[in-house]
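# Architecture and fold: a report
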Amino acid sequence: MIPVIDLDPERPGLEHRTAEEISDACRQTGFFVVRGHGIAREVFDDAYDASLRFFRLPLENKREFPMRTSTARGDNDYSPYGYSALLSENAYAYTGKPGMPSDYVEKFSTGRLILNDDEELPFPDDESGAQLRAALKQYFAACETVAGRIAELLALALDLPRDFFATRTNTSNDSLRSHLYPGVAPEFLNDQGMGQHTDGTLITLLTQDGPGLQLQDRSGRWLDIDVRERDSFIVNIGDLMARWSNDEYVSTPHRVRLADRQRQSIVFFKLANDDTVIECFPKFAADRPAKYEPIRYEDYSLQKMNLLFGREDAQ
């Protein structure tokens, strides 16, 4: 069972204790559940309901809003906005493992540009599209708030300035992806909703409405994460925190297996500013060498995205 951590700001005098609880979870499994975050249940329900209405559209309608690697204006070629159909993405490729099966999942993606109502983004031009955009905007903003609070607590646990991560993530090209996993079907080649991978993030926030998500513990066993309340965030740290901590904090492999019914999830990826240098904190290299060379986040991200999209210049 992964730890459940209460972020309730009304817990007087317990801020440092909460920070240590998060730090301990990051050392043990890299996963924990967050409640008491202050986000209204309606924010989750609206995002799930509006996403499901979109996913129920005929496939030819959904394909009018494809996710391209440069759909919207961004700082580099990779700005994830729009729809991805079943089997169109491959989580294994993101981790540098070519030739593996693709994923049985539909996705609708958006990013920081959704916070600006004047941006032209690939949403249906009707009332349902407006509702989807409004719901995902509200959800995105809520995730930014929760991720910012968790990052602040991590800074406290690491004896860093409270705003250490805030100043390195305040212009990051964070993304939000709404997922629909089908129930397993006889015609499917396997039950792979999403292949084994780790996240190239600082922090990932996930919510879900049913089972399927699994993490791999240090012995190699796959364990179910069966948190079904839509308004409970399943949080995992990603590769950025692992690099910063010299792998003291664990970026844990995880995957999704298809169940006997469809499953929705919404995932928020908190990234870093392009010019942020990811390098081992000195406290984690005091008695052992740093495992990773310092790298600018933009370079790191492009390496990952080149692998995912099969670019020839992938490293």
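An account of the accompanying structure is given in this report. As the structure is a computational prediction, the values presented were derived from the model and not from experiment. (Residues numbered from 1 in each chain as written. Predicted model: local features only at pLDDT ≥ 70, side-chain atom pairs only at ≥ 80, totals over all residues. Heavy atoms only, no water.)

### Here we look at the pattern of salt bridges
Summed over the entire model, instances satisfying the criterion amount to 27 salt bridges. A salt bridge links Arg149 to Glu15; its shortest N-O distance comes to 3.1 Å. Note that Arg149 is positioned in helix α5 (residues 127-157) and Glu15 in helix α1 (residues 15-28), a separation of 134 residues in sequence. Note that Lys291 and Asp247 form a salt bridge whose closest N and O atoms lie 3.3 Å from each other. Here Asp247 lies in the loop between α7 (239-244) and β11 (254-257) and Lys291 lies in the loop between β13 (277-278) and β14 (295-296), a separation of 44 residues in the sequence. Its relative accessible area of 52% is what places Lys291 among the exposed residues. Overlapping salt bridges bring together Arg41, Asp45, Asp49, Arg230 and Asp231 as one network. (Salt bridge = Lys/Arg side-chain N within 4 Å of Asp/Glu carboxyl O. Helix = DSSP H or I, 4+ residues; strand = E, 2+ residues; numbered from the N terminus. Buried < 20%, exposed > 50% of the residue type's maximum accessible area, 1.4 Å probe, protein only.)

### Let's talk about the sheet that holds strand β4 (residues 106-111)
Strand order in the open sheet made by the eight strands is β1-β2-β10-β7-β12-β5-β4-β3, with mixed pairing throughout. The open sheet has two free edges, formed respectively by β1 (4-6) and β3 (82-84), since each of these has just one partner strand. Along the sheet, successive strands turn relative to each other by an average axial angle of 25°, direction set aside. Bridge count for β4 against strand β5 (residues 175-181) is six bridges, and the pairing is antiparallel. Paired with Ser109 across the bridge in β5 is Arg177. Against the sheet, α5 contacts β2 (31-35), β4, β5, β7 (203-208), β10 (233-237) and β12 (263-270), and its axis sits at roughly 130° relative to β7. (Pairing = 2+ DSSP bridges. Axes fitted to C-alpha atoms, helices over the stretch in contact; angles between N-to-C directions. Contact = heavy atoms within 4.5 Å.)

### Points about the packing of α1 against α5
Running from N to C, α1 and α5 cross one another at 90°; their axes reach a closest spacing of 8 Å. On the basis of their axis angle, the class for α1 and α5 is roughly perpendicular. Across from Glu15, His16, Thr18, Ala19, Glu20, Ile22, Ser23 and Cys26 in α1, the residues of α5 making contact are Arg149, Ile150, Leu153, Leu154, Leu156 and Ala157. Class assignment for the residues of the contact of α1 with α5 results in eight nonpolar, three polar and three charged. (Parallel < 35°, antiparallel > 145°, perpendicular 65-115°, else oblique. Nonpolar A, V, L, I, M, F, W, Y, C, P; charged D, E, K, R; others polar.)

### Observations regarding the nonpolar core
In terms of nonpolar packing, the biggest core is built from 89 residues, with Ile150, Phe165 and Leu205 touching the most fellow members. Top element by residues in this core is α5. It accounts for 16 residues. Not counting residues up to four positions away in its chain, the partners in contact with Ile150 are Leu7, Ile22, Phe32, Val34, Ile203, Leu205 and Val235. (Core = buried A, V, L, I, M, F, W, Y, C linked by side-chain atoms within 4.5 Å.)

### What to know about the environment of Asp239
Mapped onto the fold, Asp239 is located in helix α7. Counting along the chain gives 39 residues from Asp239 to Gly200, while the straight-line C-alpha distance between them is 4.8 Å. Beyond its immediate chain neighbours, meaning those up to four positions away, Asp239 contacts Thr198, Asp199, Gly200, Thr201, Ser251, Tyr300 and Lys304. Within the structure, the side chain of Asp239 is placed 3.1 Å from the side chain of Thr198, a separation counted as a polar contact. A distance of 3.3 Å separates the side chain of Asp239 from the side chain of Tyr300, its partner in a polar contact. (Polar contact = N/O pair within 3.5 Å; in protein donor to acceptor, adjacent residues only side chain to side chain.)

Spatial relationships are all this shows, so hold off on functional conclusions.
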